[in-house]
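Overview (structure and organization)
Read off the chains here:
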Amino acid sequence: MDALKIEGRILKVMPAQSGTSQRTGNSWMSQEYVLQFHVWDGARNPNYFIFRVFGEDRIKQFAIKEGDDVRVHYYPDGHEHEGRWFGENAAHKVEILMRDGQPIVQPPTSPETPAPQQSPQTQGEGEDDDLPF
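Here the structure is a predicted model, which is why all the values come from computation and not from measurement.

Each value, and the rule that gives it
Residues numbered from 1 in each chain as written. Predicted model: local features only at pLDDT ≥ 70, side-chain atom pairs only at ≥ 80, totals over all residues. Heavy atoms only, no water. Helix = DSSP H or I, 4+ residues; strand = E, 2+ residues; numbered from the N terminus. Buried < 20%, exposed > 50% of the residue type's maximum accessible area, 1.4 Å probe, protein only. Contact = heavy atoms within 4.5 Å. Areas by Shrake-Rupley, 256 points an atom, 1.4 Å probe, with all protein chains shown as cover. Core = buried A, V, L, I, M, F, W, Y, C linked by side-chain atoms within 4.5 Å. Pairing = 2+ DSSP bridges.

On to the overall build of the protein chain. In terms of helices and strands, the protein chain carries 1 helix and 7 strands. Ordering the α and β elements of the protein chain from the N terminus gives β-β-β-β-α-β-β-β. Here the protein chain, with 133 residues, has 36% of them falling under the buried criterion. Here the contacts in the protein chain between residues at least 6 apart in sequence split such that 56% fall between residues at least 24 apart. In the form shown here, the protein chain has an accessible surface area of approximately 8700 Å², with 49% of it arising from carbon and sulfur atoms.

Next up, the structure:
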């Protein structure tokens, strides 16, 4: 499956989360972002899209800031835990289109990045609350 894409403005950068994998002992980091976008169906109310970037290296590479206009390449994912379903949008590429009112020139990109790594939660590990996300 090719990645899905969505464009909008970063409304909120949530605090980064980190921990240590119980299975491998490796440290991990992830961060969520709230993207505001508009569906042009005659409604004037904005819509919101929440996505996660997994991996400290990607978080630093993308350097997403509130107010940035971005294009997010993501894979939707759903998980079942104890009869309840949860969803997540895992971004594997984020292009900054505009920052501080100035267009950003993107460097040439390599072919599409492969599917994202699975976060510890989607690999079946929980945190203190035993939820898989």
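A word on unusual backbone geometry. Even without glycine at this site, Glu-82 takes up a positive phi of about 50 degrees. You can see Glu-82 is positioned in the loop between strand E5 (69–81) and strand E6 (84–99). We classify Glu-82 as exposed; its relative accessible area is 70%. Positive phi values are uncommon outside glycine, yet Asp-100 reaches one of about 55 degrees. Counting through the fold element by element, Asp-100 comes out in the loop between E6 and strand E7 (102–103). Judged by its relative accessible area of 73%, Asp-100 is exposed.

In this structure, Phe-51, Val-53, Ile-64 and Val-94 are the most contacted members of the largest nonpolar core, which totals 17 residues. Listed by contribution, the elements that provide at least two residues to this core are strand E1 (4–13), strand E3 (27–37), strand E4 (47–54), helix H1 (56–62), E5 and E6. If sequence neighbours within four positions are ignored, Phe-51 has contacts with Ile-10, Gln-31, Glu-32, Tyr-33, Leu-35, Ile-64, Val-72, Asn-89, Ala-91 and Val-94.

Before going further, it helps to spend a moment on the pairing of E3. In this structure, E1 lies alongside E3, joined through 4 bridges in antiparallel fashion. Counted as the bridge partner of Arg-9 is Gln-36 from E3. Direction of pairing for strand E2 (residues 17–20) relative to E3: antiparallel, over a ladder of 4 bridges. Residue pairing in the sheet places Thr-20 in a bridge with Ser-27 of E3. Pairing geometry for E3 and E4, over 8 bridges, is antiparallel. Bridge assignment links Gln-36 to a residue of E4, and that residue is Tyr-48.

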